[in-house]
Amino acid sequence: MTNPCLDCPTQQSCCRELHGLTVSQTEYDRHFKAHEDTITVFRKGALLEIWAKDGGGCPNWNGQCAVYETRPMDCDLYPFTIGNVFESPDEVYVTYHKRTGCPLVTEIVQAQSEAQALLEQFFAVNFPDRKISVVYDEGAVRLKHLAKRVVHKLKGRQPKTQVS
Ligand code: SF4
Ligand code: SF4
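All of these numbers come straight from a predicted model, not from anything done at the bench.

S.K.: Is there a simple way to explain the site of ligand 1 in this structure?
M.R.: As a matter of local geometry, ligand 1 sits amid C5, C8, T10, Q12, C14, Y78, C102, L104 and I108. Split by residue class, the shell around ligand 1 holds 7 nonpolar, 2 polar and no charged.

S.K.: Explain the nonpolar core here, please?
M.R.: Most often, soluble globular proteins keep nonpolar side chains buried together rather than apart. In this structure, M73, L77, I82, Y96, L119 and F123 are the most contacted members of the largest nonpolar core, which totals 16 residues. For this core, the secondary-structure elements that each account for two or more residues are α3 (73-77), β5 (91-97), α5 (112-126) and β6 (131-136). Sort the elements by how many residues they give to this core and α5 lands first, with 5 residues. Sequence-distant contacts of M73, that is, excluding residues within four places in its chain, are made with E27, I82, L118, L119 and F122. In terms of nonpolar packing, the next biggest core, distinct from the first, is built from 11 residues, L18, I39, L48 and I50 among them.

S.K.: Please clarify how the sheet that holds strand β4 (residues 81-87) should be interpreted in this entry.
M.R.: Strand order in the open sheet made by the 3 strands is β4-β5-β6, with mixed pairing throughout. Each having just a single partner strand, β4 and β6 make up the two edges of the open sheet. Looking at each pair of strands side by side, their axes are set apart by 20° on average, direction ignored. Looking at chain direction, β4 and β5 are connected through 5 bridges and run antiparallel.

S.K.: Quick question: what am I supposed to make of the pattern of salt bridges here?
M.R.: Oppositely charged side chains can pair when the atoms bearing their charge come close. Per the counting criterion, the structure on display carries 5 salt bridges. Here D129 and R130 are joined by a salt bridge, their closest N and O atoms 3.9 Å apart. Relative accessible area serves as the criterion here: at 21%, R130 is assigned to the partly exposed category. Each member of the salt-bridge network shares a partner with another, and the members are E87, D129 and R130.

S.K.: How should I be thinking about the environment of Q121 in this particular structure?
M.R.: Note that Q121 resides in helix α5. Spatially, the C-alpha atom of Q121 lies 9.4 Å from that of I132, the residues being 11 residues apart in sequence.

Rules used throughout
Residues numbered from 1 in each chain as written. Chains lettered and ligands numbered in written order. Predicted model: local features only at pLDDT ≥ 70, side-chain atom pairs only at ≥ 80, totals over all residues. Heavy atoms only, no water. Near = heavy atom within 4 Å. Nonpolar A, V, L, I, M, F, W, Y, C, P; charged D, E, K, R; others polar. Core = buried A, V, L, I, M, F, W, Y, C linked by side-chain atoms within 4.5 Å. Buried < 20%, exposed > 50% of the residue type's maximum accessible area, 1.4 Å probe, protein only. Helix = DSSP H or I, 4+ residues; strand = E, 2+ residues; numbered from the N terminus. Contact = heavy atoms within 4.5 Å. Pairing = 2+ DSSP bridges. Axes fitted to C-alpha atoms, helices over the stretch in contact; angles between N-to-C directions. Salt bridge = Lys/Arg side-chain N within 4 Å of Asp/Glu carboxyl O.

So, in structure tokens, the structure goes:
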């Protein structure tokens, strides 16, 4: 199957305008630690969120992804994207959706079951001692669980801390 990203109408804006990529500590150490001068990093519990400084692109972008074979899960997940991650002492509750800026989202969206499996594996590896709940955000589902999960979040999450 041809990769539709090769004809991206926005010249791969998802990589050239990096804002809010969620990565594990392992992914960060592997692909972003060496580029700390070009990125801003926020710690969110056990995960990290990466923004390029000055609205710039991903430091791994050089006209194409320089780390494509081992790119972070959040890149592999695209154009699905993580919504919220609520951490409590015994559970991690994750929502995801496909409301993205990608103009080809209807063409390149992978099977939702694949995105679901990718997320479940990622969070199981990074939170091995907790129950993992991954829920596709269909609006109503999200609202139904939000109030309950906010309570968990307030109990369990660490303060959001900028680390660089
Ligand atoms: S995912 Fe969408 S925005 Fe990103 S390179 Fe592919 S077509 Fe372009
Ligand atoms: S790691 Fe690769 S796929 Fe992910 S944002 Fe950077 S350049 Fe794009």
